[in-house]
Amino acid sequence: MHHHLPVLCIIPPHMLQEIARNGSQAQRDMAIRTILISGQTRGQRRAFRELKGLVAASSMAAVGGGKQRTVYSAQQGTQLPGVKVRGEGDPASSDVAVNEAYDGSGITYDLYFDAYGRDSIDNIGMPLNSTVHYQKGYDNAFWDGQQMVYGDGDEDLPPDQRLFNRFTACLDIIAHELTHGVTQHEANLAYLTQSGALNESFSDVFGSLVKQYQRGQAAAQADWIIGEGLFTPNVNGVGIRSMKAPGTAYDDPVLGKDPQPAHMKDYVNTIEDNGGVHINSGIPNHAFYVTALEIGGLAWEKAGRIWYKTLADKLQNTSNFQEAANKTFEAAGELYGTGSLEQLAVQKGWSEVGITIGGSSGGEGCLNTVLRVFGLQVRGR
Amino acid sequence: MLIRFEQTGGIMGRKVSLDLNISDLPANEAEPLRQALDETNFFALPENMVTQLVPDELQYIITVETENVIHSVRASDTTATPALRALIQNLSKKARSRRTKKE
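On a predicted model such as this, the values are computed, not experimentally measured, just so you know.

The rules behind these values
- Residues numbered from 1 in each chain as written.
- Chains lettered and ligands numbered in written order.
- Predicted model: local features only at pLDDT ≥ 70, side-chain atom pairs only at ≥ 80, totals over all residues.
- Heavy atoms only, no water.
- Helix = DSSP H or I, 4+ residues; strand = E, 2+ residues; numbered from the N terminus.
- Rg over C-alpha atoms; globule rule 2.2 N^0.38 Å.
- Buried < 20%, exposed > 50% of the residue type's maximum accessible area, 1.4 Å probe, protein only.
- Contact = heavy atoms within 4.5 Å.
- pLDDT = per-residue confidence, 0-100.
- Buried area = accessible area lost by both parts, 1.4 Å probe.
- Salt bridge = Lys/Arg side-chain N within 4 Å of Asp/Glu carboxyl O.
- Polar contact = N/O pair within 3.5 Å; in protein donor to acceptor, adjacent residues only side chain to side chain.
- Pairing = 2+ DSSP bridges.
- Core = buried A, V, L, I, M, F, W, Y, C linked by side-chain atoms within 4.5 Å.
- Axes fitted to C-alpha atoms, helices over the stretch in contact; angles between N-to-C directions.
- Expected span 1.5 Å × (residues − 1).
- Parallel < 35°, antiparallel > 145°, perpendicular 65-115°, else oblique.
- Nonpolar A, V, L, I, M, F, W, Y, C, P; charged D, E, K, R; others polar.
- Left-handed = near helix turned anticlockwise from the far one by under 90°.

K.L.:
What is the right way to look at the overall build of chain B in this model?
P.N.:
From N to C terminus, chain B includes two helices and four strands. Compactness check: chain B gives a C-alpha radius of gyration of 13 Å against a globular reference of 13 Å for 103 residues, within 12% of the reference. Sorting the 103 residues of chain B into buried and exposed places 52% on the buried side. At a minimum sequence separation of 6, the contacts of chain B that also span at least 24 residues come to 60%.

K.L.:
Please explain the confidence of the model for chain A as it appears in this structure.
P.N.:
A low pLDDT means the predicted coordinates there should not be read in detail. A residue-level look at chain A finds 77% of positions with pLDDT of 70 or above and a mean pLDDT of 86. Note that pLDDT drops below 50 for residues 53-64 of chain A; the model gives that stretch 19 contacts with residues more than four away or on any other chain.

K.L.:
Explanation requested: the interface of chain A and chain B in the structure shown.
P.N.:
Interface size is commonly expressed as the accessible area that is lost once the parts come together. With 42 residues of chain A at the contact, the number on the chain B side is 30 residues. Interface area, chain A with chain B, both sides summed: about 2,900 Å², of which 54% is carbon and sulfur. Our count for the chain A to chain B interface comes out at three salt bridges. A salt bridge links Arg96(B) to Asp156(A), with the shortest nitrogen-to-oxygen separation between them at 2.7 Å. If you look at where chain A meets chain B, you find 16 residue pairs in polar contact (both at pLDDT 80 or more). Secondary-structure elements contributing two or more residues to the side of chain A that touches chain B are strand 4 (141-143), helix 6 (171-185) and helix 8 (273-276) of chain A.

K.L.:
Any chance you could explain the pairing of strand 2 (residues 16-21) of chain B here in plain terms?
P.N.:
Residues and elements named next belong to chain B. Across the two faces of strand 2 the burial differs, with Val 16, Leu 18 and Leu 20 buried and Ser 17, Asp 19 and Asn 21 not buried at all. Across six bridges, strand 1 (residues 2-9) lies against strand 2 in antiparallel orientation. Following the sheet pairing, Glu 6 is matched in strand 2 by Ser 17. In sequence, strand 1 turns back onto strand 2 through a hairpin of six residues, with Gly 10 there showing a positive phi of about 75°.

K.L.:
Would you take a moment to explain the nonpolar core for this structure?
P.N.:
One recurring pattern in soluble globular proteins: nonpolar side chains tend to sit buried together. With 81 residues, the main nonpolar core has Tyr116(A), Phe206(A), Leu209(A), Trp224(A), Phe288(A), Trp307(A) and Trp350(A) as its most contacted residues. If one sorts the elements of this core by residue count, helix 5 (residues 96-116) of chain A sits on top with ten residues. In terms of nonpolar packing, the next biggest core, distinct from the first, is built from 32 residues, Leu18(B), Ile22(B), Ile62(B) and Leu91(B) among them.

K.L.:
Would you mind going over unusual backbone geometry with me for this structure?
P.N.:
Residues other than glycine predominantly adopt negative phi, and peptide bonds predominantly adopt the trans conformation. Residue and element names in this part refer to chain A. Here the amide bond leading from Leu 80 into Pro 81 is cis, since omega sits at 5°, within 30 degrees of zero. Locating Pro 81 in the fold gives a position in the loop between strand 1 (69-73) and strand 2 (83-87). Despite not being glycine, Gln 75 shows a phi value in the positive range, around 50°. Mapping Gln 75 onto the fold places it in the loop between strand 1 and strand 2. Owing to a relative accessible area of 57%, Gln 75 belongs among the exposed residues under this scheme.

K.L.:
Quick question: what am I supposed to make of the sheet that holds strand 2 of chain B here?
P.N.:
Hydrogen bonds between backbone groups are what pair the strands of a sheet, and the pairing can be parallel or antiparallel. Residue and element names in this part refer to chain B. Pairing is antiparallel across the open sheet formed by four strands, whose spatial order is 2-1-3-4. In this open sheet, the two strands that pair with only one neighbour each are strand 2 and strand 4 (70-76). Each strand axis lies, on average, 10° off the axis of its neighbour in the sheet, ignoring direction. As paired strands, strand 3 (residues 58-65) and strand 4 are joined by seven bridges and run antiparallel to one another. Looking at strand 4, one finds that Glu 65 is bridged to Ile 70.

K.L.:
Looking at this structure, I do not really get helix 7 (residues 193-215) of chain A. What am I missing?
P.N.:
In an α-helix, one full turn covers 3.6 residues, which means residues spaced three or four apart are oriented alike. All names here are of chain A. In a regular helix each residue adds 1.5 Å, so 23 residues correspond to 33 Å; helix 7 covers 33 Å between its end C-alpha atoms and thus fits that length. Burial runs high along helix 7: 20 of the 23 residues are buried. Positive backbone phi, at 65°, marks Gly 216, one or two positions downstream of helix 7.

K.L.:
Help me understand the pattern of salt bridges in this model?
P.N.:
A side chain with one charge may pair with a side chain of the opposite charge, provided their charged atoms come close. Summed over the entire model, instances satisfying the criterion amount to 25 salt bridges over all chains. For Asp154(A), the salt bridge goes to Arg96(B), with nearest N and O atoms at 2.9 Å. Placement of the pair is Asp154(A) in the loop between strand 5 (148-150) and helix 6 and Arg96(B) in helix 2 (residues 82-97), with the two residues belonging to separate chains. Residue class for Asp154(A) comes out buried when judged on its relative accessible area of 0%. Lys348(A) is the salt-bridge partner of Glu352(A), the closest N and O atoms lying 3.9 Å from each other. Judged by its relative accessible area of 39%, Glu352(A) falls in the partly exposed class. Overlapping salt bridges bring together Lys309(A), Asp313(A), Lys314(A), Lys327(A), Glu330(A) and Glu334(A) as one network.

K.L.:
Mind showing me how you'd approach the packing of helix 9 (residues 282-295) of chain A against helix 10 (residues 303-314) of chain A here?
P.N.:
A pair of packed helices can be characterised by two numbers: the angle between their axes and the separation between those axes. All names here are of chain A. Interhelical geometry of helix 9 versus helix 10 gives an angle of 135° and a closest axis separation of 9 Å. The pairing of helix 9 with helix 10 is recorded here as oblique in orientation. For the pair helix 9 and helix 10, contact is made by Ala 287, Phe 288, Thr 291, Ala 292 and Ile 295 and by Ala 303, Gly 304, Ile 306 and Trp 307, respectively. The class makeup of the residues in the contact of helix 9 with helix 10 is seven nonpolar, two polar and no charged.

K.L.:
Got a minute to help me understand the packing of helix 10 of chain A against helix 11 (residues 321-336) of chain A in this structure?
P.N.:
Residue and element names in this part refer to chain A. Where helix 10 contacts helix 11, the axes come no closer than 9 Å and their chain directions differ by 115°. Classified by the angle between their axes, helix 10 and helix 11 sit roughly perpendicular to one another. The element helix 10 and its partner helix 11 pack so that their crossing is right-handed. From helix 10, Arg 305, Ile 306, Trp 307, Lys 309, Thr 310 and Lys 314 reach across to helix 11, where they touch Ala 324, Lys 327, Thr 328, Glu 330, Ala 331, Ala 332, Glu 334, Leu 335 and Tyr 336. Among the residues forming the contact of helix 10 with helix 11, the class breakdown is seven nonpolar, two polar and six charged.

Okay, structure coming up:
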């Protein structure tokens, strides 16, 4: 929830920036928060990044920046955040899920900070709060708008009936959920149809990149599987999604077959899953994979930077696949030059999933139709 | 009394469904389910309790049919009432423990 600061809300942005540069510590603190929290416009976020470069790291820490992890336990209930079980700097717990949530959010913070200079979910040091042991037999993890929430899988069933392990066991799932928070504070992609599938895809992209970053793997060595290790041995599958080969992650008598398409010709029109956000994300996922392989090397460095810049600076909450293609191409040109290897790699990535850079941007009508079906509106910024 | 339970969304985006006739269940399953249903005051619940779309959250549609009435409720983990959550957990466990063929 955003808390507006009533006094500073009426001060124009240029004045806030002056206060943030030259005011007392308390005034700077208020000004920096107001620039992001009360405005939330793209121009202001850009201004904040410029401003942040002027503010010493020590003062950022003083206003709440830096890695601040807290892990809670729901104790198999539903109350969030639950009981605090580990805070920043505390020794490891005897509970493996607690440590996985703590370490996983830390590594995710590190990638965003080291590779893109981002200070946590909101870029001003938002605390990384995680709740483990959510409900009994809960086969899921989610981002509730303020924190990460993880279930323990099928721990309440006999071993021969279990399909899912605990969701903290997979670093890429932790990074996936945390990235939903980053998206919420940046493009805020509406969680329906193509914009929703992009929202999902950005979470898979940075989920996979965090795993590669932890392992020190180059793009060609990575498995590009999301949720490796989530399934028990009772499942015929390697994970919940494959960015390398969407549609091939699992094929199981109980779970069915991975339904993800890898190309626009196989795009799935459905009203389930908020318009197939976890299904059609296979298309932008594969575009990123091809781009990263084409560029080569460590995928979080160049391909990841292009996607991050697009998410942070270029997309809006109703953006669709075509717009994502156009904007990643634009971002690659700005970062590495027009006609550069990197920009051509982006073009190839989208081409391989059936999207031509500069093509017409349809899909708004489709989004609006689904919004009407759900009786929802896209939140403005 | 017939109950249809549908679960969609979640990080896998997978649909899970379960159809039950309470009268077909053994007493040790039927009674807790009846009690969980009664505690929700099910037929007074609104049809849609999902007010915003939360990334990766599970959504549920529960439909209960009696001789005289049929009523569906759509809810999610963060919007369900405590009593409805208890009913969802009861039905979810039944759905998970009966996963013996393609859903």
